[in-house]
Amino acid sequence: MAKPYNRNRKESWWNKKNIISLFIVVIMISSLLALWEGSSNDAGKYGDYKFTMEGNGMYSTEINDEKVYFFSLPDQISGIDMAEDISEELKYADRLYFLFNPKDENIEVIEVLRRSFAEDEFPLLGKNMFFGVNEYDETYSSLPVYNCENATMTTILMETSDDVGIYRDGGCIVLSAKDSRDLFYVRDRLLFDLFEVIE
């Protein structure tokens, strides 16, 4: 004999209807998270260039079928001035001299950036880079002492100073920054110009 239906009996939450509903909710949330994760790397577009946020916090874009990395986006550094004649000189120079002060307060950052210029960005631009210091230092005794007064080829001087910008001083094109963060920004400003991301 069948048991009579008891209205006061509590049914388990884990019935067939709730399990199917829960499964559908999990699938929907997973899909939304996948969409969100996939789009979170998109850092925006500047002109013809689409920028992606990399896992290391840098931005990248494709330039001439090569992935090029930046510490900022073009909109973030557009306020850093760079004279057009400097841009033209750098674009047409096939050899560049990179000069720095070995006693600069941000020498560690300058070291990272000069290595990046020499190994990554400037080869993509078809340029050879040579290095020198603007005063003798035992640590850099293998590098020649060179200065803006005796510059015989296009010379870039990267330094920490009271200004932020890219300007000419004597025979040098100076990449000047107030602190380590600004050194990354002036580096990006220069490269955005050379790769013609900013025109």
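Residues numbered from 1 in each chain as written. Predicted model: local features only at pLDDT ≥ 70, side-chain atom pairs only at ≥ 80, totals over all residues. Heavy atoms only, no water.

Caption draft 1: How the structure looks around the sheet that holds strand β2 (residues 49-53). Strand order in the open sheet made by the 4 strands is β1-β2-β3-β4, with antiparallel pairing throughout. Each of the sheet's edge strands pairs with one partner strand only, and the pair in question is β1 (42-46) and β4 (66-70). Along the sheet, successive strands turn relative to each other by an average axial angle of 30°, direction set aside. Relative to β4, strand β3 (residues 59-63) runs antiparallel, the two sharing 5 bridges. Along β4, the bridge assignment pairs S60 with Y69. Together, β2 and β4 form the strand contacts of helix α5 (residues 180-194), whose direction differs from that of β4 by roughly 150°. (Pairing = 2+ DSSP bridges. Helix = DSSP H or I, 4+ residues; strand = E, 2+ residues; numbered from the N terminus. Axes fitted to C-alpha atoms, helices over the stretch in contact; angles between N-to-C directions. Contact = heavy atoms within 4.5 Å.)

Caption draft 2: Focus on the packing of aromatic side chains. This structure, assessed with the given rule, holds 10 aromatic pairs. Seen in terms of ring centroids, F71 and F184 are 4.3 Å apart; in terms of plane orientation they differ by 50°. Their pairing is tilted. Taken together, the positions of F71 in the loop between β4 and α2 (74-77) and F184 in helix α5 put the pair 113 residues apart, joining distant regions of the chain. Since its relative accessible area comes to 27%, F71 is described here as partly exposed. For the ring pair F98 and F131, a centre distance of 5.8 Å and an interplane angle of 65° mean the geometry is edge-to-face. Remark: F131 occurs in strand β6 (residues 128-133) and F98 occurs in strand β5 (residues 95-100); sequence separation between them is 33 residues. (Phe/Tyr/Trp six-rings, centres within 6.5 Å; stacked < 30°, edge-to-face > 60°. Buried < 20%, exposed > 50% of the residue type's maximum accessible area, 1.4 Å probe, protein only.)

Caption draft 3: Representation of unusual backbone geometry. Located in the positive-phi region is N64, a residue other than glycine, with phi close to 50°. By secondary structure assignment, the location of N64 is in the loop between β3 and β4. The residue D65 is not glycine, and still its phi comes out positive at about 65°.

Caption draft 4: Expanded view of the nonpolar core. The biggest cluster of nonpolar side chains holds 42 residues, and the ones touching the most others in it are L90, F98, F117, F122 and L190. Once residues lying within four places of it in the same chain are set aside, the contact partners of F117 are F98, F122, P123, M129, M158, L175, R187, L190 and L191. Ranked by size, the runner-up nonpolar core spans 8 residues in total, among them Y146, C148, M153 and C172. (Core = buried A, V, L, I, M, F, W, Y, C linked by side-chain atoms within 4.5 Å.)

Note that every value here comes from positions in space, so none of it alone points to a role or purpose.
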